[in-house]
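Now for the letters of each chain:
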Amino acid sequence: MTIETSPESGPPEAAVTDGTTTTSPTTTEAEPATTLVGTGGEWWRSAVIYQIYPRSFSDSDGDGIGDLPGITARLTALSELGVDAVWLSPFMTSPQHDAGYDVADYCDVDPLFGTLEDFDRLLATAHGLGIRVIVDLVPNHTSWDHAWFREALAAAPGSPERARYMFRDGKGPNGDEMPNNWESVFGGPAWERTTNPDGTPGQWYLHLFDKSQPDLDWENPWVRERFREILRFWLDRGVDGFRVDVAHGLIKEAGLPDYTPPADAGSMGGGVVPVGLEPGIDSDAELDPPTPPYWAQDGVHEIYRDWHDLLAEYEGDRVLCAEAWVEPLTKLARWVRPDEMHQAFNFTYLSAGWSAPELRVVIDTSIAAFSSVGAPSTWVLSNHDVVRHASRLALGADNLQGAGIGPKSPGLPDPVVGLRRARAATSLMLALPGSAYVYQGEELGLPEDIYLPDEARQDPTWFRTHHEKYGRDGCRVPIPWEPQVPSYGFGLEGTSASWLPQPDDWDRFARASQEGVAGSTLELYKLALRLRAERQLGTGVLEWLPGYGENVIAFRNNGVTVIANMGETAVELPVETTPDGILLMSEALTEAALPPDTAIWLA
Ligand code: GLC
C-alpha cells in the first residue's frame, strides 16, 4: 500500500479538505483533554476478549451445532488473531429454548456441546496458548426444565420450593388476571399461569424473558447460596471469570408495581443514548431515566459485592463482567465500584450512531464515569444480541436493540458502506484505552444475515412478537472458515449441516480466503491487535487532538495518533505524515487525505 503525502500542504493537525480544495479548520472542540483510566496490573483492564457463541463457532460432530471440541480444535486461529481471552456463551445443560440462556443444570455441559471433560480440555488448551477463559453465568432465571423449578411446580403455593421463584396469585376474583402489567423482553406478557395437580388454574410465575425462563427470587438466601456453589464449581475447574447475564435484573422492586416503558427504550432497558451528557458529571437526576421496577434496582449491588469477595478467595486475577443495559454511564459505573464487578459492557458505546460528535461525548463520558470508580472502560460493537456492526452502522432507520433486521425492515444497509464503517469503527475501538470485546465473525467483516428464510428463524422474539420483530438470528449464523467446502468448514467433518442456513455468498468472508491477504478485514484485526499489544494502547491515556473538524475523531494514545473520519469529505493528514509513519489504515489511501468512513493510526 502506498500513500503520497504533501509535506508543505495544510497546517499541522488543523486542516480539513474535501479532497479538492483545502478549507479552514472547523473545529468545535475545546482544548485537548487528557483523561485517565484507572490503573492496576490486572489483565482484564486492557484485555481484548473474544466472544465465542458455541453453537455457531465450529462443529466437530456434524450435527450442525457447534461444540466444545470444535472450539478446542480451532483455538490456534484465535491465538493467531491475538486475543487475550475468550468468553463462551452458555454451553450448560439446557433445552435450548433461548439458545442455552435457559439453563437446566449450571454444573454440567449439554450433550449438544460435549462433556465436562471436553470443557477441561478446552480450558487447558486455551491456557496453554495464553488465552484466558470466561464462562457465561445466567442468574436471573433458570430453564423451566431445571429441577428447582420442577420441584417448585410440584409443591404447594407458599412452600419453600415456590419461594425460589417469583410465583404470585393472579388478580381478580378467580385470580385470572396477571399479577401486574409487565411485558417480556421478547414480547407478550411476562407472566405465565400454572395448572394445579387437579387441573384447575393455579398461580402465575414471572418470566422477564421466554416463558421457559422463570425468574428466580434473589431476595431468597437459598438462591444466593446455590449460586455461590455454582461460581465455586467453575472457579475450581480453573475459569478466569464470568460474564454475568442480565446483571441489572436480579432484584425487582418490592410490590412489583405496574410499569410501562417509554417507546424508545430498547428491549433490555437501554437504548436512549445520553448525547447531552458532559464528561465528569457524577449524578444528574434529569439525565437519569426512570428506573423500571425490574431493572437496575439498588439491591443487586450486595449480590455482586458478595461475588467479588468469593472470586478474591481464588489466586490470580479473575473477572466479573456485567451485562447490564443501564444508562446513563454514571449509573452503570456503580456495577464496577472497587468491591463489585470488574467490568461492565459499554452498551452506550455500542448504541451510538456513526457520528463523531456523539462518539466523542460517549468516549469521554465512559472514561470519566468508569475512572471515577477506578475501573477501565470497556468497548464493544457487536455481540449475539444486536445487529452486526458491519450492517448496523449503515442502517437507514432506527432499530431498537433486540428487534433485528430482515427483508421487510426499513432502511436496509448498503453492505459496502457498512463494511467500510465497521472497519473504521473497529480500528478506532481497538485504539482506545480499556478492554475491548470482539464478537466471533466480526474479524471476518461478517454482515447481519438479513435474508434468513422465515422458517429458519429460531429466536423466541420472532415467535413472541408474532413475526413483528425478526430477532437476533441474523447475527448468529455459523461462521465461515474455508471457501468452497460444505458449511464453509463450520462442520469439521465436512458436513453441510448448520443450525441456521449460511448465505450462498460467504466464500469471500471465510477465514482462509482472508488469511495473509493484504487489506482483508482479518489482517486488519490482526494488525490492530498486534499493535495494540506492542504499544500498550489498552493501558494508555487518551488525549484529544483538536483541529480536525467536527466530524472527525482524533486522539493520541501512548504515542499513536488515531484519526477516524466520519464525515462526508476527505480530511487532510498531518503534514509530517510519511508512508513509514502509517501504522494502520482501515482503507487504502489514494492521496494525502483520509477519505470518509476511514480510520488511520500514525506513529
Ligand atoms: C441476555 C443474553 C441474551 C438472552 C437473555 C436472556 O441478554 O445475552 O441472549 O436471550 O439475556 O437470558
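Heads up: the structure comes first, above all this text.
Cut-offs applied
- Residues numbered from 1 in each chain as written.
- Predicted model: local features only at pLDDT ≥ 70, side-chain atom pairs only at ≥ 80, totals over all residues.
- Heavy atoms only, no water.
- 1 Å grid on protein atoms, 1.4 Å probe; cavity = no way out; pocket = protein on both sides within 12 Å on 5 of 7 lines; lining within 4 Å.
- Points joined across faces, edges and corners; volume = space filled by probe spheres on them.
- Nonpolar A, V, L, I, M, F, W, Y, C, P; charged D, E, K, R; others polar.
- Helix = DSSP H or I, 4+ residues; strand = E, 2+ residues; numbered from the N terminus.
- Expected span 1.5 Å × (residues − 1).
- Buried < 20%, exposed > 50% of the residue type's maximum accessible area, 1.4 Å probe, protein only.
- Arc of directions from axis to C-beta.
- Salt bridge = Lys/Arg side-chain N within 4 Å of Asp/Glu carboxyl O.

## A closer look at empty space enclosed by the protein
- Inspection of the entire model under this criterion finds 7 cavities of 30 Å³ or more.
- By volume, the largest cavity amounts to about 170 Å³.
- In terms of lining, the largest cavity is formed by 19 residues, of which the most central are Phe 186, Phe 209, Met 268, Asp 385 and Arg 472.
- For the lining of the largest cavity, the class distribution of residues is 6 nonpolar, 7 polar and 6 charged.
- Lining the second largest cavity, in full, are Tyr 349, Leu 350, Ala 352, Gly 353, Trp 354, Leu 359, Leu 381, Arg 392, Leu 393, Ala 425, Leu 428 and Met 566.
- Of all elements in the fold, only α7 (347-351) and α10 (415-429) reach the threshold of two or more residues within the lining of the second largest cavity.
- Along the lines of polarity and charge, the residues of the lining of the second largest cavity split into 10 nonpolar, 1 polar and 1 charged.

## Quick word on helix α2 (residues 116-128)
- Across its 13 residues, α2 extends 18 Å between first and last C-alpha, which sits within 8% of the 18 Å expected from 1.5 Å per residue.
- Within α2, burial applies to Leu 116, Asp 118, Phe 119, Leu 122, Leu 123 and Ala 126. Looking straight down α2, one finds that the buried residues subtend no more than 155° of arc, so they occupy a single side.
- Where α2 ends, the next residue or the one after it, Gly 130, has phi of about 80°, a positive value.

## Some words on the pattern of salt bridges
- Taken as a whole, this structure holds 31 salt bridges when the rule is applied.
- For Arg 243, the salt bridge goes to Asp 245, with nearest N and O atoms at 2.7 Å.
- Given a relative accessible area of 2%, Arg 243 falls into the buried group.
- Its relative accessible area of 6% is what places Asp 245 among the buried residues.
- Measuring nitrogen to oxygen at the nearest pair gives 3.3 Å for the salt bridge that ties Arg 421 to Asp 597. Taken together, the residues span a long stretch of sequence, with Arg 421 in helix α10 and Asp 597 in the loop between β22 (593-594) and β23 (598-602) at a distance of 176 residues.
- Salt bridges sharing common partners tie together Asp 98, Asp 385, Asp 459, Arg 472 and Arg 476.

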